[in-house]
Amino acid sequence: MTTRESQRLRSITMMILVAVLVWSVTLQTCIARKGRHWRHHRSSSSSSSSLSDSLSSKKPKSHHNSHSHKSKPQLKTPPPKSSSPVLPQPPQVQQPPPSPQVQPPPPPPPLPLQPLEGSQEFNVLDFGAKGDGMSDDTEAFEAAWASACKVEASTMVIPSDCIFLVGPISFSGPYCQANIVFQLDGMIVAPTDSESWGRGLLWWIEFTKLKGITIQGNGVIDGRGTGWWQQDNPFDYPIDDDFKLIVPLNNSVQERPPMPIRSELNGMPSIKPTALRFYGSIDVTVTGITIQNSPQCHLKFDNCVQVLVHDVTVSSPGDSPNTDGIHLQNTRDVMIHTSTLACGDDCISIQTGCSNVYVHNVNCGPGHGISIGSLGKDSTKACVSNITVRDVVMHNTMTGVRIKTWQGGVGSVKGVLFSNIQLTEVQLPIVIDQFYCDHSKCRNQTSAVAVEGVTYEKIRGTYTVKPVHFACSDSFPCVDVQLSGIELKPVQLQYHMYDPFCWKTFGLLNSPTVPPIDCLQIGKPARNGVHTDHDICV
């Protein structure tokens, strides 16, 4: 071997030794790091098991799987050397036995859903209402209202396709937020058992002392009033005094209206409730709903300001006693339009304390027409002013447009316009009666509610008893009564028919009338009664 070859062999040997030394140091460092990682995570049995497998793979393998010492060293399968440490097996971690599976507890019974926080809709079903027509849902309605009352511009929802049995209930302010909507799409029915009414109540559903309250929807309020109408002594009810003017052809005065056949429902209190009443509220709207079969008045506004009623239906039999459609009292700034009213008394009744009332595009009948009054009962003061009724259709009603006052009252009715009224088979189309009395007898009295400034124009159609009946007070005659465009033709039915009648009525005929109303006295009376300052309406 030459000297050059000997030097080359020594160089190769030296390189192999250096490579083996580097590989040995690297292997020990890696194993040491793996050991520290295992000790850090030994609390987890699953991690320990995985790491044990990894460490086991670092053990020297059998000779037939190892490479030659000249091959590139592999970290995972180092060749066995006497100088390489042999790692002990880590202790086997005992796997805990699987715990028995715990059965979850049964779910609790479902509770009524509560509205989401911040919601502005409060559905009575979410407060426990059943809506089956048999369960008493009064408490659910009260709870829904209590929540809606706290939120401005909230909506209390009475959903469609449900019938809710609700007892006497009051949705009260004055601490409720403004502009609440009562969304009525289902049906609300009144209880028919006497126990629900105690000794009697004046209302069934009442909204009091609210600002910006709206009742809307396509739903129905059903007072189920048959049991009230058909009491043991139905003739104890007050009657409309103008029945005395209607005389059948058999010459017997019709003192009482015909009553329905008595039903099995009786024993109800003598005080009959109004179906829906608003009291002491501002900015009230009622639209879209139907109110039917009320024990007494269907819809009443008392001490309210700024009232709007439109697209409302009132429905009760024509012989249901004292079931006024819409009743206004001590209420001002009212508009009623585009509604259909069928009942057993006045379609619209305008009582004392009312002013700025505008009624138009209303269908009325059956019923007793549209009336101002009765006013001045029990010698009280009555003030009514600025009333307009126009574009109204009436059919099969007892009266058309009427003013009725009691003897002995004080105050006044002034600034009234009845315009464009179309009548079909109305018994008494135009009436002023200052001798109204719903008792069997009333004593004559001097004082009266004064009637002045009443205009009738474009009153057309057919009548069955008497076209005009003006019966005014001797002490306080009716003044400034004007008529124009009156065309009323008779239709003979089963009643005696009469010519126009006037008593102490002064005013002006602005155009010829059909029939002629010659009884109206032109001008003003020579003298008229004078009310004291206390009795004058301001």
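No experiment lies behind these values; they were computed from the predicted model shown.

Caption draft 1: Region of interest: the pattern of salt bridges. Per the stated rule, a full pass over the model turns up seven salt bridges. Across the pair Lys404 and Asp346 runs a salt bridge, and its minimum N-O distance is 3.2 Å. Here Asp346 lies in the loop between β18 (332-342) and β19 (348-350) and Lys404 lies in strand β23 (residues 399-406), a separation of 58 residues in the sequence. Take Asp346: its relative accessible area is 1%, and that puts it in the buried class. A single salt-bridge network, built from bridges that share partners, covers Glu206, Arg277 and Asp302.

Caption draft 2: Up close: helix α3 (residues 138-148). Along α3, the residues that are buried comprise Thr138, Ala140, Phe141, Ala144, Trp145 and Ala148. One side of α3 carries all its buried residues, which in axial view fall inside an arc of 160°.

Caption draft 3: Layout of the side chain of Thr208. In this structure, Thr208 sits in strand β8 (residues 203-208). You can call Thr208 buried: its relative accessible area is 9%. Here Ser172 takes part through its side chain, which lies 3.4 Å from a polar atom of the side chain of Thr208.

Caption draft 4: How the structure looks around the state of the cysteines. As enumerated under the stated definition, the model contains six disulfides in all. Note on cysteine connectivity: Cys149 is disulfide-linked to Cys176, with sulfurs 2.0 Å apart. Because the sign of the S-S torsion sets the handedness, a value of about -105° for the bond joining Cys149 and Cys176 places this disulfide among the left-handed ones. A residue pair is termed long-range when its members are at least 10 positions apart, and Cys149 in the loop between α3 and β3 (155-158) and Cys176 in the loop between β5 (169-172) and β6 (181-184) qualify at 27 residues. Here Cys149 matches Cys176 in class, with each residue buried.

Caption draft 5: Region of the structure containing the sheet that holds strand β25 (residues 428-436). Spatial strand order, β5-β8-β11-β14-β17-β19-β21-β23-β25-β27-β29: 11 strands in an open sheet with parallel pairing. The open sheet has two edge strands, β5 and β29 (501-503), and neither has a second partner. On average, each strand axis in the sheet is inclined to that of its neighbour by 15°, with strand direction left out of account. Relative to strand β17 (residues 326-329), strand β14 (residues 299-302) runs parallel, the two being bridged by four bridges. Its bridge partner lying in β17, Lys300 is registered against His327. Packed on one face of the sheet, α3 meets β5 and β8 and runs near 0° to β5.

Caption draft 6: Broad picture of the environment of Thr285. Relative to the assigned elements, Thr285 resides in strand β12 (residues 282-287). The class for Thr285 is buried, based on a relative accessible area of 15%. For the pair Thr285 and Thr214, spaced 71 residues apart in the sequence, the C-alpha separation amounts to 4.6 Å. Ignoring anything within four residues of it in the chain, the contact list for Thr285 reads Ile213, Thr214, Ile215 and Leu308.

Caption draft 7: Layout of the UniProt feature "active site" (unreviewed entry) in the protein. Using the residue numbers shown here, the UniProt feature "active site" (unreviewed entry) corresponds to His368. Mapped onto the secondary structure, His368 falls in the loop between β20 (354-364) and β21 (370-375).

Caption draft 8: Quick look at the side chain of Thr513. Counting through the fold element by element, Thr513 comes out in the loop between β30 (505-509) and β31 (521-522). According to the relative accessible area criterion, Thr513 is buried, its value standing at 9%. At a separation of 2.9 Å, a polar atom in the side chain of Thr513 contacts the main-chain carbonyl oxygen of Pro515. A polar atom in the side chain of Thr513 sits 3.1 Å from the backbone nitrogen of Ile517.

Caption draft 9: Structural detail: the packing of aromatic side chains. Following the criterion strictly, the structure yields 12 aromatic pairs and no others. With a centroid separation of 5.5 Å and an interplanar angle of 80°, the aromatic rings of Trp197 and Trp228 are classed as edge-to-face. Of this pair, Trp197 sits in the loop between β7 (187-189) and β8 while Trp228 sits in helix α4 (residues 226-229); the two residues are 31 residues apart in sequence, bridging distant segments of the chain. Of the two residues examined, Trp197 and Trp228, each falls in the buried class. Within the aromatic cluster, the residues linked to one another by ring pairs are Trp145, Phe171, Phe182, Phe207, Phe278 and Phe301. When the ring centre of Tyr498 is taken as reference, the NZ or CZ atom of Lys466 above it lies at 5.6 Å. Stacked on the ring of Trp503, the Lys or Arg Lys504 has its end atom at 5.8 Å from the ring centre.

Caption draft 10: Expanded view of the pairing of strand β28 (residues 478-490). As paired elements, strand β26 (residues 450-463) and β28 share 10 bridges and run parallel to each other. Following the sheet pairing, Gly461 is matched in β28 by Leu488.

Caption draft 11: Here's a closer look at the pairing of β20. Looking at chain direction, β18 and β20 are connected through eight bridges and run parallel. The partner of Arg332 across the bridge, within β20, is Ser355.

So, how was this worked out
- Residues numbered from 1 in each chain as written.
- Predicted model: local features only at pLDDT ≥ 70, side-chain atom pairs only at ≥ 80, totals over all residues.
- Heavy atoms only, no water.
- Salt bridge = Lys/Arg side-chain N within 4 Å of Asp/Glu carboxyl O.
- Helix = DSSP H or I, 4+ residues; strand = E, 2+ residues; numbered from the N terminus.
- Buried < 20%, exposed > 50% of the residue type's maximum accessible area, 1.4 Å probe, protein only.
- Arc of directions from axis to C-beta.
- Polar contact = N/O pair within 3.5 Å; in protein donor to acceptor, adjacent residues only side chain to side chain.
- Disulfide = S-S within 2.5 Å.
- Pairing = 2+ DSSP bridges.
- Axes fitted to C-alpha atoms, helices over the stretch in contact; angles between N-to-C directions.
- Contact = heavy atoms within 4.5 Å.
- UniProt positions renumbered as here; feature names shortened; annotations may be inferred.
- Phe/Tyr/Trp six-rings, centres within 6.5 Å; stacked < 30°, edge-to-face > 60°.
- Lys NZ or Arg CZ within 6 Å of the ring centre and 35° of its normal.

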